[in-house]
Amino acid sequence: MQVRGAPLIASVAVFGIFMETYKDGGMHFCKEFLDESAELLQKTRPTAVNLSNVMKRLMKETESQEGIELVESVRRFAFKEIVDETRDNRQLCWHGTQVISQLPRKNADGYTIMTICNTGSLATTSWGTALGVISGLQDRKMLRRVICLETRPYNQGSRLTATELNHQGITFQLITDSMAAFSIPVFDVDAVIVGADRVVANGDTANKIGTCNLAIVAKHFKVPFYVALPFDTFDFKTKDGDKIIIEQRKDDELRYFNGSLICEAKTPVFNPAFDVTKAELITG
């Protein structure tokens, strides 16, 4: 978790391989090493599809290459990826802002948006996905406030998203994940915007655990639920969400809080990092 956020995971993986081309002047860098590295990296985060997509492109780009040709291809690929990701991210933020700004709002002062996890500049190479769209609304003076879920058990919402919102001067309220249903009518939430780690062929979406709960609650209150993602987060080869591999996190993330044990040490734990939101719950 030193690196998290599907777009950033992919970018860091590419630049990790890129840095290897400078060791020993690139003399040890060969196709076998590249293939093994790509395979190892893909196994580290099986749910976030951006990582496997970028590794597949790299393998195709460097097919049958060796020596200095291979080294130069990897270097060109890495810089092209970072430029493309930044461009795509900014287009995503612009389009997302356009979509949300067409929605009716409950308060003349601006939109109230609810979000979960961290989807800002700490999770991408640029402005962010869901939080990037929220920032776009702020820039247009169309944002009233953000309702930010803490995102248990790893607290990316309270540790990271709340920090980004504070640094941007955006008005927000931090709530626990279990307060979402109560908070939607209390704060007159206009829309929910989340990110994604994988969207499969039928539109089912894997995102941080708690996203599915939020989608169900949003549907109950007739609040539009949007997923903000770059094209690289699509996985058209997987038919539906039931086929998505869901990562399991360490049990102690639930057993401990602030470094202190809060239950019996051998308490059995189920700690998936992601859940799957069915396509019918997603507005767009």
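Residues numbered from 1 in each chain as written. Predicted model: local features only at pLDDT ≥ 70, side-chain atom pairs only at ≥ 80, totals over all residues. Heavy atoms only, no water.

Q: For this particular structure, what's the right way to read the side chain of Lys31?
A: Along the polypeptide, Lys31 turns up in helix 2 (residues 31-44). By relative accessible area, which is 13% here, Lys31 ends up buried. Contact partners of Lys31, with chain neighbours within four places excluded, come to Met59, Thr62, Glu63, Ser64, Gln65, Glu66 and Leu70. (Helix = DSSP H or I, 4+ residues; strand = E, 2+ residues; numbered from the N terminus. Buried < 20%, exposed > 50% of the residue type's maximum accessible area, 1.4 Å probe, protein only. Contact = heavy atoms within 4.5 Å.)

Q: Looking at this model, I keep getting lost on the packing of aromatic side chains. Mind explaining?
A: Two numbers describe a pair of aromatic rings. These are the distance of the centres and the angle of the planes. For the structure on display, the rule yields 8 aromatic pairs. Taking the centre distance of 5.4 Å and the plane angle of 70° together, the rings of Phe18 and Tyr22 count as edge-to-face. The exposure class of Phe18 is buried, given its relative accessible area of 7%. Assessed through its relative accessible area of 48%, Tyr22 is described here as partly exposed. (Phe/Tyr/Trp six-rings, centres within 6.5 Å; stacked < 30°, edge-to-face > 60°.)

Q: What is the right way to read the nonpolar core from this model?
A: A general feature of soluble globular proteins is that nonpolar side chains tend to end up buried together. One finds Met114, Val192, Leu214 and Phe225 to be the most contacted residues of the largest nonpolar core, which totals 23 residues. Going through the elements one at a time, strand 2 (143-149), helix 7 (180-186), strand 4 (191-194), helix 8 (211-220) and strand 7 (225-227) are the ones with two or more residues in this core. Here this core takes 4 residues from helix 8, the largest share from any one element. The residues contacting Phe225, other than those within four sequence positions of it, are Val192, Val194, Thr211, Leu214, Ala215, Ala218, Thr277, Leu281, Ile282, Thr283 and Gly284. Listed in part, the 21 residues of the second largest apolar core include Ala13, Ile17, Ala38 and Phe77. (Core = buried A, V, L, I, M, F, W, Y, C linked by side-chain atoms within 4.5 Å.)

Q: How do you make sense of the sheet that holds strand 11 (residues 274-277) when you look at a structure like this?
A: Pairing between the strands of a sheet comes from backbone hydrogen bonds, and it takes one of two forms, parallel or antiparallel. Strand order in the open sheet formed by 4 strands is 8-5-6-11, and the pairing between neighbours is mixed. Of all strands in the sheet, those bounded by a partner on one side alone are strand 8 (234-235) and strand 11. Here strand 5 (residues 198-200) runs beside strand 8; their pairing, made up of 2 bridges, is parallel. Of the residues in strand 8, the one forming a bridge with Val200 is Asp235. Against the sheet, helix 8 touches strand 6 (205-208) and strand 11, its axis set at about 35° to strand 11. (Pairing = 2+ DSSP bridges. Axes fitted to C-alpha atoms, helices over the stretch in contact; angles between N-to-C directions.)

Q: Teacher, can you tell me more about the environment of Ala228 here?
A: Within the element layout of this structure, Ala228 appears in the loop between strand 7 and strand 8. Spatially, the C-alpha atom of Ala228 lies 6.8 Å from that of Ile193, the residues being 35 residues apart in sequence. Leave out the neighbours within four places in its chain, and Ala228 touches Leu92, Thr129, Ala130, Val133, Ile193, Val194, Gly195 and Ala196.

Q: Just to check I follow, could you spell out the sheet that holds strand 2 for this structure?
A: Strand order in the open sheet made by the 5 strands is 3-2-1-4-7, with parallel pairing throughout. The open sheet terminates on both sides in strands that have one partner only, identified here as strand 3 (172-175) and strand 7. Averaged over all pairs of adjacent strands, the angle between their axes in this sheet comes to 25°, without regard to strand direction. As judged from the 2 bridges shared by strand 1 (residues 111-115) and strand 4, these two strands associate in the parallel manner. If you follow Met114 over to strand 4, its bridge partner there is Val192. Relative to the sheet, helix 5 (residues 130-139) contacts strand 1, strand 2 and strand 4, its axis offset from that of strand 1 by approximately 165°.

Q: What exactly am I supposed to notice about the pattern of salt bridges here?
A: Here the idea is simple: oppositely charged side chains can pair when their charged atoms come close. Here the structure, examined in full by the defined rule, presents 16 salt bridges. Residues Asp84 and Arg87 are paired through a salt bridge, measuring 3.2 Å at the closest nitrogen-oxygen approach. In this pair, Asp84 and Arg87 both sit in helix 4 (residues 67-101), 3 residues apart, roughly one turn of the helix. By relative accessible area, Asp84 is classed as buried at 16%. According to the relative accessible area criterion, Arg87 is partly exposed, its value standing at 42%. For the salt bridge of Glu253 with Arg249, the shortest nitrogen-to-oxygen distance reads 2.5 Å. Overall, the relative accessible area of 13% leaves Glu253 in the buried class. Judged by relative accessible area, which is 25%, Arg249 ranks as partly exposed. Each of the salt bridges in this network shares a partner with another, and the network as a whole consists of Lys80, Asp84, Arg87 and Asp88. (Salt bridge = Lys/Arg side-chain N within 4 Å of Asp/Glu carboxyl O.)

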